[in-house]
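# Structure at a glance
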Amino acid sequence: MKKNKISWKQNLRKIPGWIMAKIVKFSNKDFLVACVKKISVNDIIANKYKHLSIQLKDGKVQFPSTLIPKEEVGKYSKRNINGIEVVRKDLPMRTKKYSFYTPNFGDWSKGSHEVEFEKEIYQRDYIAPGLIEIKIELIGEEIKGEKFYVLKFIVNEVLSKIDKKYQEKLLCNLNLLQENVGIIDVFLSEATLDDYLKTIYLEWEILPTGERNETISKIFSGFRSSSDELRKKIASRYDLLLKFNPIAFIRGTNGFRRYFGAQFTDKLVAFENLEYGNAIYVMFEDWAKLSKMSRIDLLSGKMSGFTRIVHRKGWEKQLGRAIEENLT
């Protein structure tokens, strides 16, 4: 049996801005940390999800409906089982007495005496284990070259926006999901199956403006390449598009991960494939449909509703004019 190996980032140091932006927009106060993930049969065979007891038996996927994550998965999974002792450096130190016995004149045969001393130590709080479960549910299957199972994972604790400490709980729950599943999201507690499914089949993800470093990192994470050159290219495109006052940035999901751009109105977007091609496309009619078409189909002469701007000298000014002309 192969040993499972977790291949994704383990922990988050802070709550991602896009998560907070999504929570702010929720119509109700109660929500859950949850996600949907497509898991391949090959990854199950390779034991990548053994820690969640996801396995194949008689050609079918099997898993527990709920489980408490194993403590060896990561520090938040360990805290969930064992609790945690927090050193309170924000509080005054307190005096603690210690004692031990020592031999008289260095010789135990002559008896012993007790020695006491005092030491200043930090106060500590003990946070009890949450013993929070992760619920797992199969919501679909897909065959694209290989077979995938579409699974829903829910951290089984309802959070509330009116709870003053909800962000503290939120960070813990996000990390619990990140450690065990590798992706994170949040949903209203009454979210429907369609709400979950559209996160996995949506071709485009809308990202808020004003969060430069986080947006760049999120876009960068969708590429196989991890070069500094690609990251600088994404940052450069972000800064350029920001000058034209977009309402949001967009990045491709699933088969469109290499695409990145900006949205200016419901109908107007500008985007490009950062790994292939040398042009940016300004689409002003049914961009969601046009963006799915191949470069060959777009350039066949049969399609309209877009402008293609090749990256030649002065292309930035052309882009600005194309956006301005189609804003209304």
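I will try to describe carefully the structure that is included in this document. (Residues numbered from 1 in each chain as written. Predicted model: local features only at pLDDT ≥ 70, side-chain atom pairs only at ≥ 80, totals over all residues. Heavy atoms only, no water.)

### Thoughts on the layout of surface pockets
It is a probe the size of a water molecule, rolled over the atoms, that shows where empty space is left. Heads up, the rule is: Only protein atoms enter the 1 Å grid used here, on which a cavity is any set of points holding a 1.4 Å probe that cannot leave and a pocket is any open set flanked by protein within 12 Å on both sides along at least five of seven lines; residues with an atom within 4 Å of a point are listed as lining. Grid points are joined across faces, edges and corners, and a volume is the space filled by probe spheres set on the points. The helix and strand labels rest on DSSP assignments: H or I over at least four residues marks a helix, E over at least two residues marks a strand, and numbering proceeds from the N terminus. Amino acids are sorted into nonpolar (Ala, Val, Leu, Ile, Met, Phe, Trp, Tyr, Cys and Pro), charged (Asp, Glu, Lys and Arg) and polar (every other residue, Gly among them).
By volume, the second largest pocket is sized at about 470 Å³. Contributing to the lining of the second largest pocket are 19 residues, with Ile-127, Ala-128, Glu-168, Lys-169 and Cys-172 lying nearest its centre. Counting only elements with at least two residues in the lining of the second largest pocket, the list comes to α3 (75-82), β5 (84-88) and α4 (166-181). For the lining of the second largest pocket, the leading source of residues is α4, giving six residues. Residues belonging to the lining of the second largest pocket are distributed by class as follows: 10 nonpolar, four polar and five charged.

### Looking at the pattern of salt bridges
Operational definition: Salt bridge, as applied in this entry: a Lys or Arg side-chain nitrogen positioned within 4 Å of an Asp or Glu carboxyl oxygen.
A complete count under the given rule lists 12 salt bridges for this structure. Among the salt bridges present, the one from Lys-38 reaches Glu-142, with a minimum N-O distance of 3.0 Å. Pair noted here: Lys-38 is in strand β1 (residues 30-40) and Glu-142 is in strand β9 (residues 134-144), with a separation of 104 residues, a long-range link. Across the pair Lys-152 and Glu-137 runs a salt bridge, and its minimum N-O distance is 3.3 Å.

### A few points about the environment of Lys-135
Filter applied, for reference: Note on classification: 1.4 Å probe, protein chains only; a residue is buried when its accessible area is under 20% of the maximum for its type, exposed when over 50%, partly exposed between these limits. Any two residues whose heavy atoms approach within 4.5 Å are treated as being in contact.
Mapped onto the elements of the fold, Lys-135 is located in strand β9. Overall, the relative accessible area of 36% leaves Lys-135 in the partly exposed class. The spatial distance from the C-alpha of Lys-135 to the C-alpha of Ile-154 is 5.0 Å, given a sequence separation of 19 residues. What Lys-135 contacts, discounting residues up to four positions off in sequence, is Ser-65, Thr-66, Lys-152, Phe-153, Ile-154 and Asn-156.

### Describing empty space enclosed by the protein
What the rule picks out here adds up to one cavity of 30 Å³ or more. Roughly 30 Å³ of internal volume is contained in the largest cavity. Forming the walls of the largest cavity are Trp-18, Leu-207, Pro-208, Glu-211, Glu-214, Thr-215 and Lys-218. The element contributing the most residues to the lining of the largest cavity is helix α6 (residues 212-220), with three residues. Tallied by class, the residues present in the lining of the largest cavity amount to three nonpolar, one polar and three charged.

### Side note on a negative patch on the surface
Our working definition: Put simply, a patch holds well-exposed residues, over 30% relative accessible area, that have no salt bridge, with like charges counted together within 9 Å and Val, Leu, Ile, Met, Phe, Trp or Tyr side chains within 5 Å. Using the Shrake-Rupley algorithm and a 1.4 Å probe, accessible areas are obtained, with residue cover drawn only from the displayed protein chains. Charged-residue counts in this description rest on Lys and Arg as positive and Asp and Glu as negative, His and the chain ends being excluded. Charged groups are reduced to one reference atom each: NZ for lysine, CZ for arginine, CG for aspartic acid, CD for glutamic acid.
Among the surface-exposed residues, Glu-114, Glu-116, Glu-118 and Glu-120 lie close enough to one another that they form a single negatively charged patch. Of note, Glu-118 is situated in strand β7 (residues 112-121).

### Some remarks on the nonpolar core
What counts, and what does not: Residue types Ala, Val, Leu, Ile, Met, Phe, Trp, Tyr and Cys, when buried and joined through side-chain atoms within 4.5 Å, form a set referred to as a nonpolar core.
Membership of the largest hydrophobic core comes to 38 residues, with the highest contact counts inside it found for Ile-19, Ile-23, Ile-54, Phe-153 and Leu-170. Broken down by secondary-structure element, the contributors of at least two residues to this core are α1 (17-25), β1, α2 (41-45), β9, β10 (146-155), α4 and β12 (186-188). Here the element with the most residues in this core is α4; it accounts for seven residues. Beyond its immediate sequence surroundings of up to four residues, Ile-54 is in contact with Ile-39, Ile-44, Tyr-49, Val-61, Gln-62, Phe-63, Leu-151 and Phe-153. In terms of nonpolar packing, the next biggest core, distinct from the first, is built from 24 residues, Ile-219, Leu-241, Leu-274 and Val-282 among them.

### Things to note about the packing of aromatic side chains
Here is the rule: The criterion for an aromatic pair is that two Phe, Tyr or Trp rings (for Trp, the six-membered ring) have centres within 6.5 Å, with stacked assigned to planes under 30 degrees apart, edge-to-face to planes over 60 apart and tilted to the rest. A ring is considered to have a charge above it if a Lys NZ or an Arg CZ atom is located within 6 Å of its centre and within 35 degrees of its normal.
Evaluated as defined, the whole model comprises nine aromatic pairs. Between the aromatic rings of Phe-249 and Phe-260, the centroid separation amounts to 6.1 Å while the plane-to-plane angle is 15 degrees, which identifies the pairing as stacked. One end of the pair, Phe-249, is in strand β14 (residues 248-252); the other, Phe-260, is in strand β15 (residues 259-263), with 11 residues separating them in the sequence. A single burial state applies to Phe-249 and to Phe-260, both of which are buried. Taken together, a centroid distance of 6.2 Å and an interplanar angle of 45 degrees make the contact between Tyr-281 and Phe-306 tilted. With Tyr-281 in strand β17 (residues 279-283) and Phe-306 in strand β18 (residues 306-310), the pair connects residues that are 25 residues apart, well separated along the chain. These aromatic residues form a ring-pair network of at least three members: Phe-26, Phe-31 and Tyr-166. The cationic tip of Lys-22 hangs over the ring face of Phe-187; the distance from NZ or CZ to the ring centre is 4.6 Å.

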